Amino acid sequence: MVVDWERQYIEPVAAWFSSPAVEEALSAVLSRPYDPARAGITEAAIERRSPLLMSDIQAWPGAGALRRRLEEQLPPDKARLTWDFYASSAMLSCPVEAPDGRVLGVLALSADHFSDEEVHSAGVFAHLAGIALDRSELLGREERRAQDEQALNRAVQELGRSLELDDLYATIVEQAATLSGASKVMLTRQEPATRELRVVHALGYSQRSRESVFTVGEGMIGRVLETGEPYASREADRAQFLGWLVDDEGIRSFAHVPLKIGSRLFGVLTVADERPDLCDDALLAQLEDFGLAAAGAIANALDFARERRVALALTRGFVPGPLPELEGFDAGLVFEPSGQAAGGGDFFGIWRLPDDSVALLVGDVSGKGIEVAAISAMVRFFVEARSHDASDPAQVMAQTDELLRGRLPGTTFVPAVMMVIDEERIRWCNAGHTPPVLLTATAARELTGTGLPLGVDPESGHTTQEAPFGPGDLVLAFTDGLTEARREGRQLGEERLGELIAEHGRALEPLELVERLRAEAEAWAPALDDDMVILALRRRR
């Protein structure tokens, strides 16, 4: 027999009876509340903390109370049957104690009689049972702890799959539901200006609850918002619960966990259920660990969103959107930062110069992040600004190089190529960039490098080269995100790009050509891991 001390209840966990008659006589009284004030051999043995042998139940001082209890709890024939069994048997009840002194239950035996040796043996066996059960409980706790840790690790790993806030909010709620087994999970976000909590994602809650706003001090969720301390529901606090919420949702237990890093509170994660005992201290501790990871993931997502907004502002401010209409030319452009980000290290430009020639620029700042987006914007601005005073590409690049060298951080460098097209020719200065391709009716030529990347060496020696550029001729410039698109470790490559240009460069219009090249890159590597610019310009026939 074991005792659930929290519920103050006795129940059998394993039993053997010599006959159906014995089982019928005893089964009616084996499960019952633990009440030392009322007669019971189990209670008596536990209270005295030593084996209790009743060779003659009728000689026991508690016999009369025991018989009255049987008569109160059982039908008359069942009470008489049970009492007759007690009266005709010897009863032995041995407490089963863990090594730390906790009473786990009793080993209860009945027979016609017990010898002194049998009483001693039963006591020894109960002692060994206590050690074994305690060990089993310990192993069970360790196994559950290991399972909880594995579940927590899986949940935390899922948080890293997206930096999009809405996706992350949904993941937090879904993983909290998996961890807790709760039927209802709600994530609220703190509004910094008002300190109100607004629901950003929920499972199992009604529309009314999803649309609710929670304020400081309002219910237990408001207390968590105010104190930053986690909370698991206790019946003693019922008067402070949000009555309409627990009643409407049928909630009988819940837990609130603040999602915070230091003093920075992002919101509150709530789990709730119809079961009264789901949200205990153990679950609260596990949710606290998960909440720390969730808060870190939210902080990263917010930083990413803020960086993306800044990058988008830089991109909008310095990198042109649609290409300008250029009389006498047709143009095509693909500008695709990696991961669909707002801005990246690749940059481009196409504009008219004061002498009516057309300038083109394509480049790539090494590295990633908001600093790179800022540098790429700065480079493009410098080049375009200097080109209005000097139309020679090498001179413009040399001046830009001089301006950049004191402004580039660490080992950052900028491969770039500038081209200027007038009525009869194309002039270019290639500062360490992937060579553009000049495509005429009869030949294809790479516009190779004429200097080191910008920001590397003050003695880089940039020079200008030139070639004829007549009606129908096309120049195609691109960054290495096109040729280095990867699939299973293999790049699209310059050879394949050359085949595509030879096949489509003369037949397709510039916009159709760049879109075809983009499609080839995306078919080769659906998830591009580098920025990509493709710019094509053709002189009309």
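Residues numbered from 1 in each chain as written. Predicted model: local features only at pLDDT ≥ 70, side-chain atom pairs only at ≥ 80, totals over all residues. Heavy atoms only, no water.

Concerning the overall build of the protein chain
The secondary structure content of the protein chain amounts to 15 helices and 24 strands. For 541 residues, the compact-globule estimate of 2.2 N^0.38 gives 24 Å, and the protein chain exceeds it by more than 25% at 40 Å. In terms of principal-axis extent, the alpha carbons of the protein chain reach across some 125 × 50 × 40 Å. Relative to its full complement of 541 residues, the protein chain shows a buried share of 46%. (Helix = DSSP H or I, 4+ residues; strand = E, 2+ residues; numbered from the N terminus. Rg over C-alpha atoms; globule rule 2.2 N^0.38 Å. Buried < 20%, exposed > 50% of the residue type's maximum accessible area, 1.4 Å probe, protein only.)

Considering the pattern of salt bridges
Within this structure, the stated rule accounts for 28 salt bridges. Residues Asp-4 and Arg-7 are paired through a salt bridge, measuring 3.4 Å at the closest nitrogen-oxygen approach. Residue Arg-7 is joined to Glu-11 by a salt bridge in which the shortest nitrogen-to-oxygen separation is 3.9 Å. One connected set of salt bridges, linked through shared partners, spans Asp-100, Arg-102, Asp-134 and Glu-137. (Salt bridge = Lys/Arg side-chain N within 4 Å of Asp/Glu carboxyl O.)

What about helix α15 (residues 510-524)?
Over its 15 residues, α15 runs 21 Å from end to end, which matches the ideal 21 Å to within 8%, given 1.5 Å per residue. All of the buried residues in α15 are Pro-510, Leu-513, Val-514, Leu-517, Arg-518, Glu-520, Ala-521 and Trp-524. All buried residues of α15 lie within an arc of 160° about the axis, which places them on one face of the element. (Expected span 1.5 Å × (residues − 1). Arc of directions from axis to C-beta.)

Description of the environment of Leu-476
In this fold, Leu-476 is placed in strand β21 (residues 474-478). Assessed through its relative accessible area of 1%, Leu-476 is described here as buried. Sequence separation between Leu-476 and Tyr-169 is 307 residues, and the spatial gap between their C-alpha atoms is 43 Å. Not counting residues within four places of it along the chain, the set of residues in contact with Leu-476 comprises Pro-436, Val-437, Ile-501, Leu-513, Val-514, Leu-517, Ile-534, Leu-535 and Ala-536. (Contact = heavy atoms within 4.5 Å.)

Some words on helix α4 (residues 76-88)
The terminal C-alpha atoms of α4 lie 18 Å apart, and with 13 residues this matches the ideal 18 Å at 1.5 Å per residue to within 8%. Turning to α4, its buried residues are Ala-79, Thr-82, Trp-83, Phe-85 and Tyr-86. Down the axis, α4 shows its buried residues gathered within 155° of arc, on one side only. The exposed residues of α4 that point more than 90 degrees off its buried face are Pro-76, Asp-77, Arg-80 and Ser-88.

Some remarks on the sheet that holds strand β11 (residues 253-261)
Strand order in the open sheet made by the 6 strands is β9-β8-β7-β12-β11-β10, with antiparallel pairing throughout. Here the strands that pair on one side only, and so sit at the sheet edges, are β9 (213-214) and β10 (231-232). Contacts between helix α6 (residues 165-180) and the sheet are confined to β7 (184-190), β8 (197-203) and β12 (264-273), with β8 contributing the most and set at about 60° to the helix. (Pairing = 2+ DSSP bridges. Axes fitted to C-alpha atoms, helices over the stretch in contact; angles between N-to-C directions.)

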